[in-house]
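Commentary on secondary and tertiary structure
Spelled out, the chains give:
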Amino acid sequence: QPQRAGPPGLGPGLPSHDELGVVRPAPDAHVSSREPMKPHAAKPFRHSVRVYWEDTDAGGIVFYANYLKFFERARTEWLRSLGVEQHVLRARTGAMFIVSDAALRYRSPARLDDLLDVTVDVLDAARATLRIGQQALRGGELLADGEIRIACVDTPSLRPRRFPHEILQHIA
């Protein structure tokens with residue numbers, strides 16, 4: 001069960017990575033093994049999400065599947081905050097990201113008008129996959145947490161491919 005959250009840096013043309021806690025690898029560093037890379041610890045990325053009527057079920061609590069939507073939004077905003085626009089990356093490199101596995105644990109319900117913080121943390125990375133831990137919190141209370149496996153695929157074929165170099169260099 002994931003308990004950590006925070007982003008390593010990703011993406012080309014970013015502002016100072018140092019303020020995000022990103023450690024850049026040496027210029028001659030490269031990924032050549034199938035061993036997972038262990039990302040460095042970084043300050044958690046947090047994205048705020050307000051709970052609307054459309055997010056709740058008949059009981060007035062957040063419908064369980066909507067946590068996956070909240071997690072997706074947080075991952076997208078995390079990438080965007082680091083200068084990665086997914087449509088630009090796809091057009092430039094032919095790579096896109098898909099969810100290949102998701103596991104969530106629900107601990108306490110969120111309700112209408114709650115303001116949630118949704119976190120993102122890369123737990124480990126391989127050449128074509130990332131294992132990301134995510135949490136939904138209200139104040140300091142953990143409401144849901146999960147692990148999401150993201151795969152990098154070639155857009156036309158949807159076959160696995162390596163992450164573009166500019167992304168891997170910021171994860172390692």
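Below, the structure is looked at part by part. Remember, it's a predicted structure, so these values are computed and weren't measured experimentally.

Basis of the calculations
- Residues numbered from 1 in each chain as written.
- Predicted model: local features only at pLDDT ≥ 70, side-chain atom pairs only at ≥ 80, totals over all residues.
- Heavy atoms only, no water.
- Core = buried A, V, L, I, M, F, W, Y, C linked by side-chain atoms within 4.5 Å.
- Buried < 20%, exposed > 50% of the residue type's maximum accessible area, 1.4 Å probe, protein only.
- Helix = DSSP H or I, 4+ residues; strand = E, 2+ residues; numbered from the N terminus.
- Expected span 1.5 Å × (residues − 1).
- Contact = heavy atoms within 4.5 Å.
- Phe/Tyr/Trp six-rings, centres within 6.5 Å; stacked < 30°, edge-to-face > 60°.
- Polar contact = N/O pair within 3.5 Å; in protein donor to acceptor, adjacent residues only side chain to side chain.

Okay, the nonpolar core next. Ranked by size, the top nonpolar core spans 32 residues in total, and within it Tyr67, Trp78 and Phe97 carry the most contacts. Looking at this core, the elements with two or more residues in it are strand E1 (45–50), helix H1 (66–81), strand E2 (95–106), strand E3 (115–125), strand E4 (129–138), strand E5 (141–154) and helix H3 (165–171). Here the element with the most residues in this core is H1; it accounts for six residues.

Below, the discussion takes up H1. Its 16 residues give H1 an end-to-end C-alpha distance of 22 Å, which sits within 8% of 22 Å, the value for a rise of 1.5 Å per residue. Residues of H1 that are buried: Asn66, Tyr67, Phe70, Phe71, Ala74, Arg75, Thr76, Trp78 and Leu79. Turning to H1, the residues buried within the fold contact E1, helix H2 (86–93), E2, E3, E4 and E5. Within two residues after H1, Gly83 carries a phi angle of roughly 90°, on the positive side.

Not every positive phi belongs to a glycine, and Asp113 is a case in point at roughly 75°. Positive phi, normally seen in glycine, also occurs at Leu158, with a value near 60°. Following the sequence through the fold, Leu158 ends up in the loop between E5 and H3.

The subject of this paragraph is the packing of aromatic side chains. To describe a pair of aromatic rings, one takes the distance between the centres and the angle between the planes. For the coordinates displayed, the defined rule picks out five aromatic pairs. Judged by centre distance (4.7 Å) and plane angle (50°), the rings of Phe63 and Tyr64 are tilted. Exposure remark for Tyr64: the relative accessible area of 52% places this residue in the exposed category. When the centroid spacing of 6.4 Å and the interplanar angle of 85° are considered together, the rings of Tyr64 and Tyr106 count as edge-to-face. In this pair, Tyr64 sits in the loop between E1 and H1 while Tyr106 sits in strand E2, placing the two residues 42 residues apart along the sequence. Taking the relative accessible area as the measure of exposure, Tyr106 reaches 40% and is therefore partly exposed. The structure contains a cluster of three or more aromatic residues connected by ring pairs, namely Phe63, Tyr64, Tyr67, Phe70 and Tyr106.

Looking now at the side chain of Arg75. Along the chain, the position of Arg75 falls in helix H1. Here the side chain of Arg75 touches Glu72 through a polar contact of 2.5 Å, side chain to side chain. Excluding residues within four positions of it along the chain, Arg75 makes contact with Val99, Val120, Ile132, Gln134, Ile148 and Ile150.

A separate point is the environment of Glu72. Tracing the chain through its elements places Glu72 in helix H1. We classify Glu72 as partly exposed; its relative accessible area is 36%. Separated by 46 residues in sequence, Glu72 and Val118 place their C-alpha atoms 9.7 Å apart.

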